Amino acid sequence: MVLDLVLIGTAITLGPLHNSAFILLLSAPRGLLKGLVFILTWLAELVLVVAVVTLLTGGEPPARHSSPSVAGLVVKLVLGLALVVYGRHKRRRGATRSRGTPKWMARLDRVSAWTAAGLAVLLQPWAMVAAGGATAMNADLSSAASFLALMGFFLLATASVLAMELYATFAPDRAHERLEWLRTAIDTHQDQAIVVLSLLLGLWLAGKSTYELVTLAA
């Protein structure tokens, strides 16, 4: 479970779309407030998904051959295959070419705090979050290790935007220039990053879930 959560959390935090949008939010008037709203909404979504799953399981991992255990593996298999298909589709559409900032992102300097919250919902990579929720099904909340693993997942999946928010808070002058450079780099390689993250995580989820399902059936 821990390794899966680390990989999923890393893929979430490295996603180019929300990172690029977040940098634009920080550069807007009252950018720190809008960034904070984005982060809190982003984090609340992650916690909510995991909380729902753990409530359904009662905070205890299901038995190995039980229906919930098999269902969790099937969900991760489907999500993994979906990510692979999406990554291949994105690649076939020309992910090797560079692209600039999407037009809708250019208007983020005028959005409100409420819009920033809505943006966090829209830009959340929900397939990856769902995979994290399916993985959290195996968490034992009576175990300190499982609890720390989930806390680590929340922190890791929020790490990029949290780091940028702190950087802009404590070093605003340097942050503006360097984050703008980072946004340009992200936008230039946006499609390539999406393809790599989708394919790598998708292949991992699909491969591991298939192996575990075969093992259960043996």
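(A) Inspection of the overall build of the protein chain at higher detail. Counting its regular elements, the protein chain contains nine helices and zero strands. Ordering the α and β elements of the protein chain from the N terminus gives α-α-α-α-α-α-α-α-α. Expected size for 218 residues packed as a compact globule is a radius of gyration near 17 Å; at 18 Å, the protein chain falls within 12% of this value. Along the longest, intermediate and shortest principal axes, the C-alpha atoms of the protein chain span 60 × 40 × 25 Å. The buried share among the 218 residues of the protein chain stands at 44%. When the accessible area of the protein chain is evaluated, it comes to approximately 11,400 Å², of which 70% is carbon and sulfur surface. Of the charged side chains in the protein chain, 18 are positive and 12 negative; the average position of the first set lies 10 Å away from that of the second.

(B) Local environment of the nonpolar core. Counting 40 residues, the largest nonpolar core has Ile8, Ile12, Phe38, Leu46, Met128 and Phe153 as the members making the most contacts within it. It is helix α7 (residues 144-170) that provides the largest number of residues to this core, a total of eight residues. Setting aside residues no more than four positions away along its own chain, Ile8 makes contact with Met128, Ala131, Gly132, Thr135, Phe153, Leu201 and Leu205.

(C) Spotlight on the side chain of Asp187. With respect to the helices and strands, Asp187 occurs in helix α8 (residues 172-188). You can call Asp187 buried: its relative accessible area is 2%. In terms of polar contacts, Asp187 uses its side chain to reach the side chain of Ser20, at 2.6 Å.

The rules behind these values
Within each chain, residues carry numbers counting from 1 in the order of the written sequence. Restriction of local features to residues with pLDDT of at least 70 applies here, the model being predicted, together with a cutoff of 80 or more for giving and counting side-chain atom pairs; totals for whole chains, interfaces and linings are based on all residues. Only heavy atoms go into the side-chain values, all of them from the structure, while hydrogens and water stay out. A run of H or I in DSSP becomes a helix once it reaches four residues, and a run of E becomes a strand once it reaches two; helices and strands are each numbered from the N terminus. All radius of gyration figures rest on C-alpha atoms, and the globule criterion is 2.2 Å times the number of residues raised to 0.38. Buried residues are those whose accessible area, probed at 1.4 Å on protein chains only, stays under 20% of the maximum for their type, while exposed residues exceed 50% and partly exposed ones sit between those limits. In this description, accessible areas are obtained by the Shrake-Rupley approach with a 1.4 Å probe, and a residue is regarded as covered only by the protein chains that are shown. Charged residues are defined narrowly, with Lys and Arg counted positive, Asp and Glu counted negative, and His plus the chain ends left uncounted. For this purpose, a charge sits on NZ of Lys, CZ of Arg, CG of Asp or CD of Glu. Remark: nonpolar core denotes a set of buried residues (Ala, Val, Leu, Ile, Met, Phe, Trp, Tyr, Cys) joined through side-chain atoms within 4.5 Å. We call two residues in contact when some of their heavy atoms are within 4.5 Å. By the criterion applied in these results, polar contacts are pairs of N or O atoms within 3.5 Å in which, for protein atoms, one can donate a hydrogen and the other can accept it, and in which residues neighboring in sequence qualify only through two side-chain atoms.

Purely spatial values, then, with no claim about function.
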